[in-house]
Amino acid sequence: MINNIPTVTLLEGDGIGPEITSSVVKIIEASGVKINWEKMLAGKNAYEKYGSVLPDVTISSIEKNKIVLKAPITTPIGHGFSSVNVALRRHFDLYANVRPSKNMKGVVTPFNNVDLVVIRENTEDIYAGLEEKVDEDRIHGIKLITKKGSTRICDFAFQYALKNNRHEVTVVTKANISKLADGLFLNCFREVAKKYPEIKTREILVDNLCMQLVVNPAQFDVMVMPNLYGDIVSDLCAGLIGGLGLAGSANVGTNCAIFEAVHGSAPDIAGKNIANPTGLLKSAIEMLKYINKNDEALKIQHALEETISEGKILTSDLKGNASTTEFTDEIIRKMSI
Ligand code: NAI
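Residues numbered from 1 in each chain as written. Predicted model: local features only at pLDDT ≥ 70, side-chain atom pairs only at ≥ 80, totals over all residues. Heavy atoms only, no water.

**Observations regarding the pairing of strand S6 (residues 131-135)**
Residues in a regular strand point their side chains to alternate faces of the sheet.
Part 1 of the argument: Examined bridge by bridge, S6 and strand S7 (residues 138-141) share four bridges and lie antiparallel to one another. Bridge pairing in S7 places Lys133 opposite Ile139.
Part 2 of the argument: Counting the residues that bridge the hairpin from S6 to S7 gives two residues. (Pairing = 2+ DSSP bridges. Helix = DSSP H or I, 4+ residues; strand = E, 2+ residues; numbered from the N terminus.)

**Some points on the site of the ligand**
Part 1 of the argument: Near the ligand lie 19 residues; those nearest to it are Ile73, Thr75, Gly264, Ala266 and Asn276.
Part 2 of the argument: For the ligand, an oxygen atom lies 3.2 Å from a polar atom in the side chain of Lys70.
Part 3 of the argument: Of the residues contributing to the shell around the ligand, the split by class is eight nonpolar, seven polar and four charged. (Near = heavy atom within 4 Å. Polar contact = N/O pair within 3.5 Å; in protein donor to acceptor, adjacent residues only side chain to side chain. Nonpolar A, V, L, I, M, F, W, Y, C, P; charged D, E, K, R; others polar.)

**Quick notes on the nonpolar core**
Part 1 of the argument: Judged by nonpolar contacts, the single largest core of 66 residues is most densely connected at Ile28, Leu69, Ile119, Val169, Val224, Met287 and Leu288.
Part 2 of the argument: Residue contributions to this core peak at seven residues, all from helix H5 (residues 147-163).
Part 3 of the argument: Each of two domains, domain 1 (1-107 + 244-337) and domain 2 (110-240), supplies a minimum of three residues to this core.
Part 4 of the argument: Among the nonpolar cores identified, the runner-up in size contains 17 residues, and Leu213, Met223, Tyr229 and Leu240 belong to it. (Core = buried A, V, L, I, M, F, W, Y, C linked by side-chain atoms within 4.5 Å. Buried < 20%, exposed > 50% of the residue type's maximum accessible area, 1.4 Å probe, protein only. Domains from an automatic or database assignment.)

**Looking at the domain arrangement of the protein chain**
Interfaces are frequently sized by the accessible area removed from exposure as the parts join.
Part 1 of the argument: By the assigned domains, the protein chain splits into domain 1 (1-107 + 244-337) and domain 2 (110-240).
Part 2 of the argument: Centre-to-centre separation of domain 1 and domain 2, based on C-alpha positions: 25 Å.
Part 3 of the argument: Tallying the contact residues gives 19 residues for domain 1 and 24 residues for domain 2.
Part 4 of the argument: The junction of domain 1 with domain 2 conceals about 1,800 Å² of combined surface from both sides, 45% of it contributed by carbon and sulfur atoms.
Part 5 of the argument: In this assembly, domain 1 and domain 2 are joined by two salt bridges.
Part 6 of the argument: For Asp235, the salt bridge is made with Arg99, and the minimal N-O distance between the two is 2.9 Å.
Part 7 of the argument: Linking domain 1 to domain 2 there are 14 residue pairs in polar contact (both at pLDDT 80 or more). (Contact = heavy atoms within 4.5 Å. Buried area = accessible area lost by both parts, 1.4 Å probe. Salt bridge = Lys/Arg side-chain N within 4 Å of Asp/Glu carboxyl O.)

**Examining helix H9 (residues 278-290)**
Part 1 of the argument: Across its 13 residues, H9 extends 18 Å between first and last C-alpha, which sits within 8% of the 18 Å expected from 1.5 Å per residue.
Part 2 of the argument: Judged by how many residues are buried, H9 sits mostly within the fold: ten of 13 residues are covered.
Part 3 of the argument: Those residues of H9 lying buried are Thr278, Gly279, Leu280, Leu281, Lys282, Ser283, Ala284, Ile285, Met287 and Leu288.
Part 4 of the argument: One or two positions beyond H9, positive phi appears at Asn292, with a value near 65 degrees. (Expected span 1.5 Å × (residues − 1).)

Below is the structure:
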């Protein structure tokens, strides 16, 4: 914070990252919010300059600022460096992944009343990477679930519900089969729920949840679940509102939060000025709320929704023919009306 202006570490990523980042920064500036952007490198670009995909200067910047706006970073498949995204989550213990899914006017989907939030545990489960080859025929993969990890994510979900004026938290498990691991998660949820009598609770098995979501998604509010179910269910929920390109997310820890789009670096359209910045913009809106710039966050959200619902100036993924720049400028124009 310099002169009451927050400093945010900005990771522009690669592929379409720089294009959508520049769009989002322009929109935030036009909303009236002042931010000192500290541009840092991660991924391929950082490797070329520092010999590391997550150099110490980037880590120090995040440790100091505690807030990051991050564009997608390419992860090579099968060879090369491992995921910067996973490394960031581990290093900063970003244990909560928050993925809101709400219908946007103008985006035609089978439903028009979706307004739910997936809270995914972000550090445990099969993502702990505990696998071993026993012999040629057998691999053991460990699903790690701990009392500490389950309790803190369930508590986060109830706190999120309180802060965001939500009324119900549903716990999602497969505790009928995974009696020990998912059973522990479920028990932790039940314990934590006792602290929040004002919030309704519900328990559901993940297979039933998936069926219910594609039949009647409006029945769900906040949902909390272990890592793997959260990974799958949050993409399903993005599909309910029109796809990954429209989804934003936050990775939150005790001392740090990273806001990022859900989609990847889209190398197939990089550099063409046709990428849709909406996913990163929605993440930035969550970031503005996180730093208590609620009015500006709402102003941007309304302008974005109006631009999309009007349907005149849209990028090609939304069946329009506008460039990233034209879409950005239209959102800015709408904010000034
Ligand atoms: P992707 O999400 O980059 O692309 C999938 C398809 O969606 C492509 O056709 C792409 O053109 C389109 N698309 C994605 N974002 C778009 C946008 N904003 N506007 C318009 N069209 C868009 O997924 P893909 O191809 O599997 O991954 C590419 C790279 O991104 C990989 O290296 C992957 O590891 C990385 N990745 C990084 C993430 C992150 O940094 N958080 C998340 C997901 C993937």
